Amino acid sequence: MYDYVIIGAGSAGCVLAARLSEDPGCRVLLLEAGPRDWHPFIHMPAGLGRLVNQRSINWDYSTEPEPQLHGRRLWWPRGKVLGGCSSINAMCYTRGVPGDYDAWAAAGAEGWHWEAVLPYFLRAEGNARGTGPLHGADGPLAVSDLRHRNPLSEAFVEAGVQAGWPRNDDFNGPSQEGFGFYQVTQRDGARCSTAAAYLAPARARPNLEIATGALVTRIVVRNGRACAVEYRTGTHAHRAEAGGEVLLSAGAVNSPQLLMLSGIGPAHELRALGIPVLADLPGVGANLQDHLDICTLHHCPPGLSYDRASELKIAFDYFLRGRRGAGTSNIAEAGGFVRSVLATDARPDVQFHFVPAMLDDHGRNRLAGDGLTVHACFLRPRSRGRIALRDADPRSPARIHAGYLSDPEGFDLKVMVECAKLSRRLLSQPALARYLGAPIHPQRTDLSDAGLEEFVRAKAETIYHPAGTCRMGSDAQAVVDPQLRVRGIDGLRVVDASVMPELPGGNTNAPVVMIAERAADLLRGRAA
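Each chain carries its own residue numbering, running from 1 in the written order of its sequence. It should be noted that, the model being predicted, local features are given only for residues of pLDDT at least 70 and side-chain atom pairs only at 80 or more, the latter also being counted only at that level, while totals for whole chains, interfaces and linings use all residues. Side-chain calculation: all heavy atoms of the structure are included, whereas hydrogens and water are not.

Asks: Please clarify how the overall build of the protein chain should be interpreted in this entry.
Replies: Within the protein chain, the regular secondary structure consists of 14 helices and 24 strands. Each radius of gyration is computed over the set of C-alpha atoms, and the globule rule expresses the reference value as 2.2 Å times the number of residues to the power 0.38. Relative to the globule expectation of 24 Å for 528 residues, the C-alpha radius of gyration of the protein chain, 22 Å, shows essentially globular dimensions. Along the three orthogonal principal directions, the C-alpha set of the protein chain runs to about 70 × 55 × 45 Å. Each residue's exposure class comes from its accessible area (1.4 Å probe, protein chains only) as a fraction of the maximum for that residue type: buried when under 20%, exposed when over 50%, partly exposed otherwise. When burial is assessed residue by residue, the protein chain has 61% of its 528 residues classed as buried. Residues are treated as being in contact if the distance between any of their heavy atoms lies within 4.5 Å. Intrachain contacts of the protein chain at a sequence separation of at least 6 include 69% that bridge at least 24 residues. For the protein chain, the accessible area works out to roughly 19300 Å², and carbon and sulfur atoms hold 51% of it. Working convention for charge: Lys and Arg count positive, Asp and Glu count negative, and His plus the chain ends are omitted. A charged residue contributes its charge at one atom only: NZ of Lys, CZ of Arg, CG of Asp or CD of Glu. In the protein chain, 56 side chains carry a positive charge and 56 a negative one; their mean positions are 4 Å apart. Numbering of helices and strands starts at the N terminus; helices are DSSP runs of H or I of at least 4 residues and strands are runs of E of at least 2. Per-residue accessibility takes into account occlusion by the displayed protein chains alone, with areas from the Shrake-Rupley method and a 1.4 Å probe.

Asks: For this particular structure, what's the right way to read the packing of aromatic side chains?
Replies: Both the distance between ring centres and the angle between the ring planes are used here to describe each pair of aromatic rings. To pair, rings of Phe, Tyr and Trp, with the six-membered ring standing in for Trp, must have centres within 6.5 Å; the planes then decide the type, stacked if under 30 degrees apart, edge-to-face if over 60, and tilted in the middle. Per the counting criterion, the structure on display carries 13 aromatic pairs. Here the aromatic rings of Trp-59 and Tyr-61 are separated by 5.8 Å at their centres, their planes lie at 15°, and the arrangement is stacked. Ring plane angle 65° and centroid distance 5.5 Å describe the contact between Phe-156 and Phe-179, whose orientation is recorded as edge-to-face. Remark: Phe-179 occurs in strand S7 (residues 178–181) and Phe-156 occurs in helix H6 (residues 151–162); sequence separation between them is 23 residues. Take Phe-156: its relative accessible area is 0%, and that puts it in the buried class. Ring-pair connections join several aromatic residues into one group, and the members of that group are Phe-156, Trp-165, Phe-179, Phe-352 and Phe-354. Geometrically, a lysine NZ or arginine CZ counts as sitting over a ring once it is within 6 Å of the ring centre and also within 35 degrees of the ring normal. Over the face of the ring belonging to Trp-59 we find Lys-80, whose NZ or CZ atom lies 4.5 Å from the ring centre.

Asks: I'm lost on unusual backbone geometry in this one. Help?
Replies: Comment: phi is negative for the bulk of residues other than glycine, and the bulk of peptide bonds are trans. The linkage connecting His-441 with the following residue, Pro-442, adopts the cis geometry, with an omega of -5°. If you trace the backbone, Pro-442 turns up in the loop between strand S22 (439–441) and helix H13 (449–459). One non-glycine residue with positive phi stands out, namely Arg-323, at about 55°. Looking at the secondary structure, you find Arg-323 in the loop between helix H10 (311–320) and strand S17 (334–338). A relative accessible area of 36% means that Arg-323 is categorised as partly exposed. The phi torsion at His-362 lies on the positive side, around 65°, for a residue other than glycine. Topologically, His-362 is positioned in the loop between strand S18 (350–355) and strand S19 (371–378). Overall, His-362 belongs to the buried group, its relative accessible area being 9%.

Asks: How do you make sense of the packing of helix H1 (residues 11–20) against helix H7 (residues 194–202) when you look at a structure like this?
Replies: Helix-helix packing: each pair is described by the crossing angle between the helix axes and the interaxial distance. For the pair H1 and H7, interaxial distance at closest approach is 9 Å and the crossing angle is 25°. Considering the angle they form, H1 stands roughly parallel to H7. The two elements H1 and H7 meet at a crossing, and its hand is left-handed. Taking contact as the criterion, the partners of Ser-11, Cys-14, Val-15, Ala-17, Ala-18 and Arg-19 in H1 are, on H7, Thr-194, Ala-195, Tyr-198, Leu-199 and Ala-202. Under the grouping applied here, Gly and all other residues not named as nonpolar or charged are polar, the nonpolar ones being Ala, Val, Leu, Ile, Met, Phe, Trp, Tyr, Cys and Pro and the charged ones Asp, Glu, Lys and Arg. Across the contact of H1 with H7, the residue classes break down as eight nonpolar, two polar and one charged. Where helices are involved, their axes are fitted lines through C-alpha atoms of the stretch in contact, as for all axes, and angles between N-to-C directions lie from 0 to 180°. Here is the rule for angles: anything less than 35 degrees is roughly parallel, anything more than 145 is roughly antiparallel, 65 through 115 is roughly perpendicular, and the remaining ranges are oblique. Take the far helix as the reference: if the near one is turned anticlockwise from it by less than a right angle, the crossing is left-handed, and if turned clockwise, right-handed.

Asks: Sorry, what's going on with empty space enclosed by the protein here?
Replies: Picture a little ball the size of a water molecule; that probe, rolled over the atoms, points out where space is still empty. Any residue with an atom within 4 Å of a point lines the site, the site being either a cavity, points on a 1 Å grid over the protein atoms alone where a 1.4 Å probe fits but cannot get out, or a pocket, an open set with protein on both sides within 12 Å along at least 5 of 7 lines. Grid points are joined across faces, edges and corners, and a volume is the space filled by probe spheres set on the points. Tallied over the full model, the rule gives two cavities of 30 Å³ or more. Here the largest cavity is characterised by a volume of approximately 100 Å³. Contributing to the lining of the largest cavity are Leu-288, Asp-290, Leu-292, Phe-378, Pro-381, Ser-383, Ala-402, Gly-403, Tyr-404, Leu-405, Asp-412 and Met-416. Taken together, the residues that form the lining of the largest cavity break down as eight nonpolar, two polar and two charged. Of the pockets and cavities examined, the second largest cavity occupies roughly 40 Å³. Along its surface, the second largest cavity is lined by Tyr-93, Arg-129, Asp-169, Asp-170, Phe-171, Asn-172, Phe-181, Tyr-182 and Gln-183.

Asks: It is not clear to me how the packing of helix H4 (residues 98–106) against helix H5 (residues 114–124) should be interpreted in this structure. Could you clarify?
Replies: Across the interface, H4 lies against H5 with an axial gap of 9 Å and an inter-helix angle of 120°. Taken together, the axis directions place H4 and H5 in an arrangement best described as oblique. Every residue of H5 that contacts H4 at Pro-98, Tyr-101 and Asp-102 is listed here: Trp-114, Val-117 and Phe-121. By residue class, the composition of the contact of H4 with H5 is five nonpolar, no polar and one charged.

Asks: I tried to follow the side chain of Ser-193 on my own but got confused; where do I start?
Replies: Within the element layout of this structure, Ser-193 appears in the loop between strand S9 (190–191) and H7. Residues contacting Ser-193, with those up to four places away along its chain left out, are Asp-37, Ser-86 and Ser-87.

Asks: Where do I start with the pairing of strand S1 (residues 2–7) in this structure?
Replies: The side chains of a regular strand alternate, first on one face of the sheet and then on the other. For S1, the buried fraction is high: five of the six residues fall into the buried class. Pairing between two strands requires that DSSP report at least two bridges joining them. For S1 and strand S13 (residues 236–248), the ladder comprises five bridges, and the chain directions are parallel. From the neighbouring strand, Tyr-4 faces S13, where its bridge partner is Glu-245. Examined bridge by bridge, S1 and strand S2 (residues 28–31) share four bridges and lie parallel to one another. Paired with Ile-7 across the bridge in S2 is Leu-31. Assignment of crossover handedness uses the view with strands pointing away from the viewer, where a clockwise path from the first strand over the helix to the second indicates a right-handed crossover. Tracing the backbone out of S1, into H1 and back to the parallel element S2 gives a crossover that is right-handed.

Asks: Looking at this model, I keep getting lost on the environment of Asp-317. Mind explaining?
Replies: Of note, Asp-317 is situated in helix H10. In this structure the C-alpha to C-alpha distance between Asp-317 and Thr-194, which are 123 residues apart in sequence, comes to 25 Å. Not counting the four nearest positions on each side in its chain, Asp-317 is found in contact with Gly-322, Arg-323 and Arg-324. There is a polar contact of 2.6 Å between the side chain of Asp-317 and the side chain of Lys-313. At 3.3 Å, the side chain of Asp-317 and the side chain of Arg-321 are in polar contact. Throughout this description, a polar contact denotes any pair of N or O atoms lying within 3.5 Å of each other; where both atoms belong to protein, one of them has to be capable of donating a hydrogen while the other can accept it, and for residues adjacent in sequence the pair is counted only when both atoms sit in side chains.

Asks: Is there a simple way to think about the state of the cysteines in this case?
Replies: In protein structure, a disulfide is the covalent linkage between the sulfur atoms of two cysteines. The disulfide criterion is simple: two cysteine sulfur atoms within 2.5 Å. Summed over all chains, the structure comprises zero disulfides. No disulfide involves Cys-92; its nearest neighbouring cysteine sulfur is the one of Cys-377, lying 11 Å away. By relative accessible area, which is 8% here, Cys-92 ends up buried. As a non-bridged cysteine, Cys-227 has Cys-26 as the owner of its nearest cysteine sulfur, 18 Å distant. On the accessibility criterion, Cys-227 (9% relative accessible area) is buried.

Given below as structure tokens:
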């Protein structure tokens, strides 16, 4: 019998396991479908490019054909390893802006406004720059400046300034707008995933049990209360009893899938698959949001980008010279936040990630030569998708209907065209223009709006921020209440990106860690 059974050892699950097991009288079981985070490319930051092909630590999802993107199936990598996506992401540490969380509260997520969540960001953060009103220095999640910066990344930041935006050395400071280098979740030049930050120091606790290779098949509900979790390791079936609560932290795809497999979700869809309905919650799987991203690629002179960098030298500098050189790069070193001409409020609505290499199809399509990539994504999409079951088999991947560019007004597409235009504007600045060779994607630099629309439909991809599929709120369509409790089922909470009412304006890892930190206090009766 455990006090808490946590499903998913990703960005949220590792935080929960570490915080809840601080009480030696509390027995915690943490279940993870993937393996331990043993792979050396997880820990060497620049190794993330090689993790693309590591299917053993990646759920390797693809969407259903996207109607507005020429019927393409977009690849959705999701972490299947201790640390989850924090073990395979680009380590950019951003939170969004205060207005993002005030909007959550206004939408019914009482207690999740900026002044309430800021203390949990600070508690989690161990920033190498030190403490301050907007930063913590003593938290487990190490945040640091990059040890290595590519000259092309420096040129990108300068191009942003030349284009009229401010230089910004802290995207989590008083203002998010401007161009600069990302701070990253690294400690001493190594990735600091939530597995490294939270779980590793807690592993030796006798009251914490961690099971890897554990595929959860069902949450067991008895008399309206979640009481156990069924899971499989290889050919062996297991059942873990929960005397306290079951905490679902499987992410924006797997959390709604597991709820539905357990009989919690849209009743008509469950009955059609022969799944007994325990709670009719139409909101499960709905409200899917993601940041759609468009990449502009150009060739550049040889010897500058990472495309043909010596892997032997990178490994030598990293492993034998004390984590130095390009091996410490998160690849997406620089970026920016701006308000486009279509921004509807004071918050930035476009985010850039700059990569001093050619990144086509998530790096899976290796192009010849040398080049650079400007990523641009729309931070506040109006389009919504959904997660649906493929069948009643827990081993089957869910159907991901991302719904990109599906908003009736066509607003998302208009902003994506602006993203492409802004990328072109940056590339035309003197700081970058002197490095530019022939264009790659798109192949012309003079496309009309119609041409850019076609470019977006043909080439846009995810920037890996799915959220919202177990929405938190106070209305009848919300899946969880502001205490993250699943409506209609006692003893069951969801703690991950799926509870976000709306996407924050930036990368989602730091906000997920914040959610888990606050959830731990809610469970222990310490949160307001």
